[in-house]
Each structure stands twice: as C-alpha cells, then as structure tokens.
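Structural description and commentary
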Amino acid sequence: MGNEILKNLALIGFEKIVVVDSDRIERSNLSRAVLFRDDQIGQYKAEAAAERVRSLLSTSRIRPLIGNVVFDCGLGLFRWSDVIIAGLDNREARLWINRAAWKTNRPWIDGAIEGINGVARVFLPGVAPCYECTLGETDWALLQRRMSCNLLTYEGTAEGKVPTTPTIASIIAGIQVQEAVKLIHGLPTLSGKGLVFEGLNHTSYVVQYTENPDCMSHDRLERISEIPRSSSEMTLADLLHIAGADLGTQDVVIEFSREIIRALECPNCHTLEEVFAPVGAVGAEQGKC
C-alpha cells in the first residue's frame, strides 16, 4: 500500500512528503512493492522508498522517518500535513492517527486490503463519523488482545499478516490518492464513507458509516502554540517554564498523549529497569522477569 501511494503521489507531483515506517525490506516484499529492488534488501523501507520517489520526481522533498507512527510521531507532524494517507495493517495505528488528526484538525484517508478485496475511506476533522465510530465489538476485542494484563504489548499478532496481491494494493492506493487530490481542490470526497472493492466479481459499492455519540475520538484542541525548539533540546522543566510564560501562570500541568511506563520491577528478584516509554511500546517479553 505504501509503495503504491508514494508512487502515485510522485507521479501527480506531490513534492513535500513525510513517509513513516519502522521496518526493513525483506525478500518477500519484492513481489508486492514497486519501489523496492534486490539490492535494497535489509534497508529501511522508508529510506528506500524515499530514494525511489526522488528518482520519479526530481523536485521531491520527501523525508523518511524511521519509526512507529503510534509512538514516534508527535502531533506536530500531523498538524504540518495538508492530508494524511495511511497504508496500515493494524487497528491500533489507525485509531492513533484518527485521534491525532481530529486534535490537529487534519483530514486523513484510510486504505485496507485483504486477498483481492479492499476499501478506501475518508475521514474529515470535526465531521463525524470518524474511524473510531466504525469500530464494532470484534474490533475492540482484537485491540484488547494486543495488551497483556499489565499493559505490555504481545508481539507477533496475526493482524494484518494476510495474503494479498499487488493489484488490489494498486487499486485501493489509487483511490486514496485520487481522494487526496479532490480534498486539496475542494471537490466532493468519500467523507464518512467507504468505497468497497470486491475483486472476485469486480463489483464496488459505497458504504455510509454511522456516528457513535459516545466516540472518544471527537476531541479537538482549541489552541495550539508552536515552540521554536526541538523536544531533544528541552527538558520537561524547560517545557513547564515555557508553558507558564505562554499561559501567564505557573499553575501548569503537562499531560502526555498516553500513559508512560517509568520502570519495570520484578516482584520476585526486585530487579528494577527504567524504561520511560509509552504504554504499548514495551513488549510483554521485556517484562517477563
């Protein structure tokens, strides 16, 4: 999906692109990924894809980010974007993007494929239904299964690891990029809807999603203040001082977008390992002792 999305963006002329992925290229990827070559096996997918996009569009200013979009990308990246296009394989990442897009008032376009079937859908900020509104009991059950009782993540879940073809990826990614162009030009889109493509009989239809009045994603930030410094250049104490000056009070609280695991402590041997990582970023294997 990501390969096809980037290829289409480059051919249309999108110059400013940030591509996020944490994986490396494996040989099995080559039969489904138009941007990858034999000599790139072992390279990070984001860097290899960015290199190929530059060869398709010489004026491209694409920037690869090697990381997990859930844990390594802050709201600033989402706010920078005109449109977010996702080629994901799990519900957790989609849910994070959905909430980040709503908070920063940005549209996002989701695509999903399985076998020779697929769906493309558009979610606009402040306009329900959103992605979370579409989740049913089965979806939430699968999300919960990713976490152990102590909130550590189980590795090797089967979600997204299903057979598919490069042809259905091309079809759905093409629709996604087409919707992005329509969004930018103010044309009608699949807002709150999904285009389902069924490859066996080549039928397609549009589904209308329903708003969930109890949805927890419908949270928008009233005001966003940009700080002209990187997070790597500041301590939390620095951030508190800046926030206090900006708000005109020292009664300031820093809230993270998710809970932070400060440390892992073994109840038997009392070994203490400091991790300071978001919940979900630490695997159950790391907490075995």
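Reading the values: rules and limits
- Residues numbered from 1 in each chain as written.
- Predicted model: local features only at pLDDT ≥ 70, side-chain atom pairs only at ≥ 80, totals over all residues.
- Heavy atoms only, no water.
- Core = buried A, V, L, I, M, F, W, Y, C linked by side-chain atoms within 4.5 Å.
- Buried < 20%, exposed > 50% of the residue type's maximum accessible area, 1.4 Å probe, protein only.
- Helix = DSSP H or I, 4+ residues; strand = E, 2+ residues; numbered from the N terminus.
- 1 Å grid on protein atoms, 1.4 Å probe; cavity = no way out; pocket = protein on both sides within 12 Å on 5 of 7 lines; lining within 4 Å.
- Points joined across faces, edges and corners; volume = space filled by probe spheres on them.
- Nonpolar A, V, L, I, M, F, W, Y, C, P; charged D, E, K, R; others polar.
- Phe/Tyr/Trp six-rings, centres within 6.5 Å; stacked < 30°, edge-to-face > 60°.
- Lys NZ or Arg CZ within 6 Å of the ring centre and 35° of its normal.

Here the focus is the nonpolar core. Ranked by size, the top nonpolar core spans 20 residues in total, and within it Leu6, Leu9, Ile17, Leu35, Phe36, Val53 and Ile62 carry the most contacts. Contributions of two or more residues to this core are made by α1 (2–12), α2 (45–56) and α6 (166–184). By residue number, the principal contributor to this core is α2, which donates 5 residues. By size, the runner-up hydrophobic cluster in this structure holds 18 residues, among which are Val69, Phe71, Cys73 and Ile97.

Attention now goes to the layout of surface pockets. The calculated volume of the second largest pocket comes to roughly 2,200 Å³. Along its surface, the second largest pocket is lined by 40 residues, and Leu75, Ser225, Ile227, Leu239 and Glu255 are the ones closest to its centre. If you list the elements that add at least two residues to the lining of the second largest pocket, you get α3 (75–80), α4 (91–104), α7 (236–247) and β9 (272–278). Per-element tally for the lining of the second largest pocket: the top contributor is α7, with 6 residues. Across the lining of the second largest pocket, the residue classes tally to 22 nonpolar, 8 polar and 10 charged.

Moving on: the packing of aromatic side chains. Working definition: an aromatic ring pair is given by the centre-to-centre distance plus the angle between the planes. By the definition in use, this model includes 5 aromatic pairs. Ring geometry for Phe123 versus Tyr131: centroids 6.2 Å apart, planes at 80 degrees, classification edge-to-face. Side by side, Phe123 and Tyr131 carry an identical accessibility label, which is buried. An aromatic cluster of at least three residues, connected via ring pairs, comprises Trp108, Phe123, Tyr131 and Tyr209. Here Arg24 stacks its cationic end above the ring of Tyr44, 3.9 Å away from the centre of that ring.

In this section: unusual backbone geometry. Cis peptide bonds are those with omega within 30 degrees of zero, and the linkage from Ala128 to Pro129 qualifies with 5 degrees. Despite not being glycine, Asn105 shows a phi value in the positive range, around 60 degrees. Note that Asn105 resides in the loop between α4 and β4 (108–114). Take Asn105: its relative accessible area is 35%, and that puts it in the partly exposed class. Of note, the phi angle at Phe276 is positive, near 45 degrees, even though the residue is not glycine. Counting through the fold element by element, Phe276 comes out in strand β9.

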